[in-house]
Amino acid sequence: MSAFKDMLAEDLTNVFINADEFADEHEINGETILCVVQSPTEQEKFLQGLDYRGFEGVRGQTLVVHVKKELFGEVPAEGEVISLDGEPMLVDSCVDDMGLLSITLHFNHA
């Protein structure tokens, strides 16, 4: 592995997915995992192309979970149900970026 890739892997663990910096423990599919849960702003949703359209009378929320691939396991597929802190959510997309999974989830509530 190159020195640059080594530095990125180190930063992923020591900075981004670090409980003293950005990450928190969340329960994902029954396991406690260190990750960053982001609720994108409307501007971020627009810039990232996240367009959640629920049904009339049903509200929803979109979340993005950033987690180390090695902690999460198998990359989830679109449409798969994931439990985040006891709330079942649908996977809209998942991007594997050099060992960091960014999983976009949504759920509906009345």
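Residues numbered from 1 in each chain as written. Predicted model: local features only at pLDDT ≥ 70, side-chain atom pairs only at ≥ 80, totals over all residues. Heavy atoms only, no water.

**Re the side chain of histidine 106**
Let me state the cut-off plainly: Counting from the N terminus, the helices are DSSP H or I runs at least four residues long and the strands are E runs at least two residues long. Under the rule applied, a polar contact is a pair of N or O atoms within 3.5 Å (in protein, one hydrogen donor and one hydrogen acceptor; residues adjacent in sequence only if both atoms are side-chain atoms).
For histidine 106, the position within the fold is in strand β6 (residues 100-109). Polar side-chain contacts of histidine 106 include one of 2.7 Å to the side chain of aspartate 92.

**Observations regarding the confidence of the model for the protein**
Defined as follows: Each residue carries a pLDDT score, the predictor's own confidence in it, on a scale running from 0 to 100.
Averaged over all residues, the pLDDT of the protein is 80; the fraction at 70 or higher stands at 79%. For the protein, the element scoring lowest by mean pLDDT is helix α2 (residues 42-48), at 49; strand β4 (residues 81-84) scores highest, at 95.

**Observations regarding unusual backbone geometry**
In plain terms, the rule: Note on classification: 1.4 Å probe, protein chains only; a residue is buried when its accessible area is under 20% of the maximum for its type, exposed when over 50%, partly exposed between these limits.
Within the chain, asparagine 29 stands out as a residue other than glycine whose phi angle is a positive 50 degrees. The residue asparagine 29 is located in the loop between β1 (24-28) and β2 (31-38) in this model. By relative accessible area, which is 43% here, asparagine 29 ends up partly exposed. Backbone geometry places aspartate 85, a non-glycine residue, at a positive phi of 50 degrees. By the element assignment, aspartate 85 lies in the loop between β4 and β5 (87-97).

**Thoughts on the nonpolar core**
To keep things clear, this is the line we draw: In this text, buried Ala, Val, Leu, Ile, Met, Phe, Trp, Tyr and Cys residues form a nonpolar core when linked through side-chain atoms within 4.5 Å. Any two residues whose heavy atoms approach within 4.5 Å are treated as being in contact.
Counting residues in each nonpolar core, the largest one holds 15 residues, and the members touching the most others are Ile28, Phe72, Ile103 and Leu105. When contributions to this core are tallied by element, the ones reaching two or more residues are β2, β3 (59-68), β4, β5 and β6. Per element, the largest residue contribution to this core is 4 residues, and it comes from β6. With residues near it in sequence (within four places) discarded, leucine 105 still touches Gln61, Thr62, Leu63, Val65, Ile82, Leu84, Met89, Leu90, Val91 and Asp92.

**Details of the environment of histidine 26**
When you line up the elements, histidine 26 lands in strand β1. Contact partners of histidine 26, with chain neighbours within four places excluded, come to Glu31, Thr32, Ile33, Cys35, Val37, Leu84 and Asp85. At a separation of 2.6 Å, a polar atom in the side chain of histidine 26 contacts the side chain of aspartate 85.

**Some points on the pattern of salt bridges**
Our working rule: Should a side-chain nitrogen of Lys or Arg be within 4 Å of a carboxyl oxygen of Asp or Glu, the pair is scored as a salt bridge.
Under the criterion given, the structure shown has 2 salt bridges. For lysine 68, the salt bridge identified is with glutamate 70, shortest N-O distance 3.4 Å. For lysine 68, a relative accessible area of 10% corresponds to the buried category. The exposure class assigned to glutamate 70 is exposed, which follows from its relative accessible area of 67%. The partner of lysine 69 in a salt bridge is aspartate 96, and the shortest N-O contact between them spans 2.9 Å. Of the two residues, lysine 69 is situated in helix α3 (residues 69-72) and aspartate 96 in strand β5; the sequence distance between them amounts to 27 residues. Of the residues examined, lysine 69 reaches a relative accessible area of 34% and is grouped as partly exposed.

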